[in-house]
Amino acid sequence: MNTQIHDTDFGTPARVSERMVTLEIDGQQVTVPEGTSLMRAAAEAGTMVPKLCATDSLEPFGSCRLCLVEIDGRRGFPASCTTPAEAGMVVRTQSDKLQSLRKGVMELYISDHPLDCLTCAANGDCELQDMAGVTGLREVRYGLAGANHLDSKKDESNPYFSYDPAKCIVCNRCVRACEETQGTFALTISGRGFESRVSPGQDQPFMESECVSCGACVDACPTATLQEKSVIQFGQPEHSKITTCAYCGVGCGFKAEMKGNQVVRMTPWKDGKANEGHACVKGRFAWGYATHPDRITKPMIRSKITDPWREVSWDEAIGYAASEFKRLQAKYGKDSVGGITSSRCTNEETYLVQKLIRAGFGNNNVDTCARVCHSPTGYGLGQTLGTSAGTQTFKSVEQSDVIMVIGANPTDGHPVFGSRMKKRLREGAKLIVIDPRKIDLVDSPHVQADYHLPLKPGTNVAMVTALAHVIVTEGLLAADFIAERCEEKSFHDWKDFVSKPENSPEATADITGVPAELVRGAARLYATGGNAAIYYGLGVTEHSQGSTMVIGIANLAMATGNVGREGVGVNPLRGQNNVQGSCDMGSFPHELPGYRHISDTTTRQLFEQAWGVTLDPEPGLRIPNMFDAALSGSFMGLYCEGEDIVQSDPNTQHVTAALSAMECIVVQDIFLNETAKYAHVFLPGSSFLEKDGTFTNAERRISRVRQVMKPLAKYADWEVTQLLANALGLKMDYSHPSQIMAEIASLTPSFAGVSYEKIDKLGSVQWPCNDDAPDGTPTMHIDGFVRGKGKFFVTQYVATDEKVNRRFPLILTTGRILSQYNVGAQTRRTDNVAWHAEDILEIHPHDAEERGIKDGDWVGVSSRAGETVLHAKVSERMQPGVVYTTFHFPESGANVITTDNSDWATNCPEYKVTAVQVLPVTQPSEWQQGYQRFNRTQLELLEQAGSPEGKA
Ligand code: SF4
């Protein structure tokens, strides 16, 4: 059901034109940009023309014949949605004849529609019902005796929405939404004339078709043909709040629609600038985890991880945690404890955790999950451009002529942006994909990559340098831009380096595995094809040379002048919903909020004055250092908020050994995650629906998160941190997260102009937001780089230490899938498991055949770090010699195999390159058997605390 077709919906997208035209509609003079539809022009004059097939998020279609108008001097009754406004036109939207025509059309629709309005889930939110009222239809003369579709069978295959063809009016909105908005082309109209019906795929059930369950068709449907099952179950929502998705770094705006305290549905917010009314299967439908019975809502403590959990009061849990941290600091020293902030939590919550650690623990042992994903982005972009964030808005891609995607899979990892990108590609932009796998973008309906460079994992830097070689040696540099905007010496050093023959595509082809002519073609296209934008993901950062590769990307953009305007730029596709924010908020051990080094006396004094403490000028421990220090006996206590390091960090056995060595682990989370199984104190967390705050997405866009229900465990996460801080003796007395944001703004120049009032007024705001940019900064580096002059760096390729050999002849690389999210703690507790219920190993047919592996076989995947067992999927998407898996299920143990290798600058793990052997097996690995035993024991210990998850 469409909740968007209301007050702001004019039907048919706005047309942008410089030239204005004036016409008369119903006796009123209206001036609109040339090309505006008559329907929209009428809306501007305050007249809503009746409509069914039109909506302003889709191209006009002109099929429902309700929006007819009369135009002086024109014969017939043109459809107002497809007729452009012209100067001097005289238009009538109302007349007896029009009323009669519309009524007749409605009568035909209703005669083939179930007359069950009173029991229909869409009652009160149905455009067909509305239009029957608008056209004055009171009775239907044709009856239901003739041919009709009322016996059409419902399709209930999708877990989230039902499809009832009996209610379909064949307005085509769902088909157009699937094509234009989502870009999947899963729906068609099958049959002709009276037999026309919406059909997923080749007349398949939805779940067997190409449908990705984004919900665009459901949003577009004007009747209850496509309807959320939650609305059928709970009834129409009664109230709503605008909030922000808590899954990925796209940061889609949503309207959380409620009935009492029950979420009825999440509909994508039309005015959300990151998504403009679109969504993916996670944000749109996978919110049921928030009230899943596995939620732990009582604080728990235990002395040892072999003890049963004991439910206690908040006072006791907080008091115990604080006394343990104090005890450990007294016994092992001030630096023996630390904490990890959460990229799933709000900016305000993240800020408080790092404040607690720096000011309460008195050290800088704070880190965040960005350590294991985009820390090289922070380093690389900071060094070259001067700021640790992407340069553009998502909308900017609409101005791109060439799109280069490196080590990212936007249609799975950042689906709403992926759809936006595909739309631009369908409009004619060129595409270069640099990825070992044939990701969807390489070859999907109506989108094909112009260049796919399927490089060997671990050879990114050789590739980016070869691209630069072509640009320099073939004279494709943006000389004026470089002369004006970049440091001269750094440019010449870089130019001399990349020009060397050993960096040519021909010389590096053996390293990258990509034929030289493909590299040359891609480089020429990027440098000369117009506005060229780079989008990259963890396939860039999660390498031993992750930072070097980020620098290489920035070098390319500067060398070709592709920075500082719409349609270009360097755009890291951030993973978690608030990973940008958690970095901005000072979650790294060496940086205070706003990326200012802890050793900088002026900055430190600013915080010391505000917080009333003395801060340690020395950077603290990074996550891997915490593990090493735990194993050596010097790091004994951890406060871990909303992060599952056991599942998400590499070399699981090393992580669990480190956690087992600590004396007090405090986990704050909504579920008893894998890390919590090693914890001594469990503090129940709150989901994004239970609190106020802000998230910052990959565009640097700060958006509001709004509480729609009370915290199930009494406190929002920021309140829990505040309780702990106070128990540790660090006074905090915030009564609302807006006060925390006010403190952040007062201490952080790039946030100086940010406030809840401003975000409420503007909808969202992109930092920097301050006196220089009071409404925020959509595009960075317009007149100059943040660091002054852009700086080039030499990007010498250094092969990873992770080598293939006879024992481990294949390279394993990892990634995500559309329906699941990261460690899966949320999505595994939703019906999204219908699409992906386990992690599987993709293997090329050649490698599979060599090993006697068939689709669906159990295979053992062993590396130098460990072994696990997965089901195999033989796939042409892989290149020979490379295998791939996801990491959404703890029992898969994907990170049991990954190694401790990491980026030279930031310690970001090298998840993307692990040498492995894959062989057929018949039973789970030793690690998996141990995991199952440990897991069973932990659930029994939980059951003794009376928790529902333990009983499950
Ligand atoms: Fe949420 Fe990302 Fe999907 Fe948007 S694209 S709905 S932010 S998961």
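Keep in mind it's a predicted model, so treat the numbers as computed, not measured.

Cut-off values and rules
- Along each chain, residue indices are assigned from 1 in the same order as the chain's sequence is written.
- At least 70 in pLDDT is required for a residue's local features to be given in this predicted model, at least 80 for side-chain atom pairs to be given and counted, and no such filter applies to totals for whole chains, interfaces and linings, which use all residues.
- Neither water nor hydrogens contribute to the side-chain values; these are computed over all heavy atoms in the structure.
- Here the term buried applies to any residue with accessible area under 20% of the maximum for its type, exposed to any over 50%, and partly exposed to those in between, with areas from a 1.4 Å probe on protein chains only.
- The helix and strand labels rest on DSSP assignments: H or I over at least four residues marks a helix, E over at least two residues marks a strand, and numbering proceeds from the N terminus.
- Only strands that DSSP links by at least two bridges are regarded as paired with each other.
- Definitions used throughout: a 1 Å grid over protein atoms alone; a cavity as a set of points that fits a 1.4 Å probe which cannot get out; a pocket as an open set with protein on both sides within 12 Å along at least five of seven lines; a lining residue as one with an atom within 4 Å of a point.
- Grid points are joined across faces, edges and corners, and a volume is the space filled by probe spheres set on the points.
- Gly is placed with the polar residues, together with every amino acid not listed as nonpolar (Ala, Val, Leu, Ile, Met, Phe, Trp, Tyr, Cys and Pro) or charged (Asp, Glu, Lys and Arg).
- What makes a residue near a molecule or strand is one non-hydrogen atom of that residue sitting within 4 Å of it.
- For every domain, the bounds stem from an assignment made automatically or drawn from a database.
- UniProt positions are given in the numbering used here, feature names are shortened, and annotations may be inferred rather than shown by experiment.
- Under this scheme, a helix contributes an axis fitted over its contacting stretch, all axes are lines through C-alpha atoms, and angles between N-to-C directions fall in the 0 to 180 degree range.
- The pairing test for Phe, Tyr and Trp rings, Trp by its six-membered ring, is centres within 6.5 Å, and the orientation test on the planes gives stacked under 30 degrees, edge-to-face over 60, and tilted for anything in between.
- Both a distance and an angle decide whether a charge sits over a ring: NZ of Lys or CZ of Arg must be within 6 Å of the ring centre and within 35 degrees of the ring normal.
- By definition in these notes, contact holds between two residues if any of their heavy atoms fall within 4.5 Å.
- Nonpolar cores were defined as sets of buried Ala, Val, Leu, Ile, Met, Phe, Trp, Tyr and Cys residues, with membership established by side-chain atoms within 4.5 Å.

Caption draft 1: Highlighting the pairing of strand E26 (residues 664-669). The element E26 is extensively covered by neighbouring structure, given that six of its six residues are classed as buried. Alternating positions in E26 separate into two faces, Cys-664, Val-666 and Gln-668 on one and Ile-665, Val-667 and Asp-669 on the other, with burial throughout. Bridge count between strand E25 (residues 637-641) and E26: five bridges; the pairing is parallel. The residue bridging Gly-637 from the neighbouring strand is Cys-664, located in E26.

Caption draft 2: Expanded view of the layout of surface pockets. Each pocket or cavity is described by its volume, and for the second largest pocket that value is around 910 Å³. Along its surface, the second largest pocket is lined by 38 residues, and Val-212, Asp-412, Asp-440, Ile-817 and Leu-818 are the ones closest to its centre. Those elements that place two or more of their residues in the lining of the second largest pocket are helix H11 (410-413), helix H12 (415-426), strand E18 (443-444), strand E32 (840-843) and strand E35 (882-885). No other element matches H12, which puts three residues into the lining of the second largest pocket. Of the residues in the lining of the second largest pocket, the class split is 15 nonpolar, 13 polar and ten charged.

Caption draft 3: View of the site of the ligand. Around the ligand sit Cys-245, Tyr-247, Cys-248, Val-250, Gly-251, Cys-252, Phe-254, Cys-280, Lys-282, Gly-283, Pro-415 and Val-416, and that is every residue in its neighbourhood. Counting only elements with at least two residues in the shell around the ligand, the list comes to helix H7 (281-285) and H12. Of the residues that constitute the shell around the ligand, the class distribution is nine nonpolar, two polar and one charged.

Caption draft 4: Spotlight on the domain arrangement of the protein. With domains assigned, the protein is organised as domain 1 (1-94), domain 2 (123-133 + 144-291), domain 3 (375-572) and domain 4 (810-898 + 922-939). Put simply, the middle of domain 1 and the middle of domain 3, counted by C-alpha atoms, are 42 Å apart.

Caption draft 5: Structural view of the UniProt feature "domain: 4Fe-4S Mo/W bis-MGD-type" (unreviewed entry) in the protein. Following the UniProt record, one finds the feature "domain: 4Fe-4S Mo/W bis-MGD-type" (unreviewed entry) at residues 238-294. Measuring from the first to the last C-alpha atom of residues 238-294 gives 27 Å, for a span that is 9% helix and 35% strand.

Caption draft 6: A look at the sheet that holds strand E10 (residues 253-259). Strand order in this open sheet of three strands is E9-E10-E11, and the pairing throughout is antiparallel. The open sheet is flanked by strand E9 (239-244) and strand E11 (262-268), the only strands paired with a single partner. Averaged over all neighbouring strand pairs, the angle between strand axes comes to 30°, with direction disregarded. Where E10 meets E11, six bridges bridge the pair, whose relative direction is antiparallel. The partner of Met-258 across the bridge, within E11, is Val-263.

Caption draft 7: Structural view of the packing of aromatic side chains. Overall, the coordinates contain 22 aromatic pairs when judged by the stated rule. Ring centres 5.1 Å apart and planes at 80° place the aromatic pair Trp-314 and Tyr-715 in the edge-to-face group. Taken together, the residues Trp-314 in helix H8 (residues 314-332) and Tyr-715 in the loop between strand E29 (701-705) and helix H25 (717-728) connect sequence positions 401 residues apart. Like Trp-314, the residue Tyr-715 is buried in the burial classification. Judged by centre distance (5.0 Å) and plane angle (70°), the ring pair of Phe-607 and Trp-611 falls under edge-to-face. One end of the pair is Phe-607 and the other is Trp-611, both in helix H21 (residues 601-611) and four residues apart, which spans about a single turn. Joined through ring pairs, the aromatic side chains of Tyr-160, Phe-161, Tyr-163, Phe-206, Phe-285 and Trp-835 make up one cluster. Sitting over the face of the ring of Tyr-884, Arg-437 holds its NZ or CZ atom 3.6 Å from the ring centroid. Lying over the aromatic face of Phe-671, Arg-829 brings its terminal NZ or CZ to 3.8 Å of the ring centre.

Caption draft 8: Local environment of the UniProt feature "domain: 4Fe-4S His(Cys)3-ligated-type" (unreviewed entry) in the protein. With numbering aligned to this structure, UniProt lists the feature "domain: 4Fe-4S His(Cys)3-ligated-type" (unreviewed entry) at residues 97-136. For residues 97-136, the helix share is 57%, the strand share is 0%, and the end-to-end C-alpha distance is 13 Å.

Caption draft 9: Main features of the side chain of Asn-555. Looking at the element boundaries, Asn-555 is found in helix H19 (residues 546-559). You can call Asn-555 buried: its relative accessible area is 1%. Residues within four places of Asn-555 in sequence aside, it is in contact with Thr-384, Trp-494, Lys-791, Phe-792, Phe-793 and Thr-795.

Caption draft 10: Inspection of the nonpolar core at higher detail. By size, the foremost hydrophobic cluster in this structure holds 69 residues, and its most contacted members are Phe-161, Leu-226, Ile-403, Leu-431 and Leu-441. A per-element tally of this core places H12 first, with four residues. Leu-441 has contacts with Val-405, Pro-410, Thr-411, Met-421, Lys-422, Leu-425, Leu-431, Val-433, Val-447, Gln-448 and Ala-449, leaving out every residue within four places of it along the chain.

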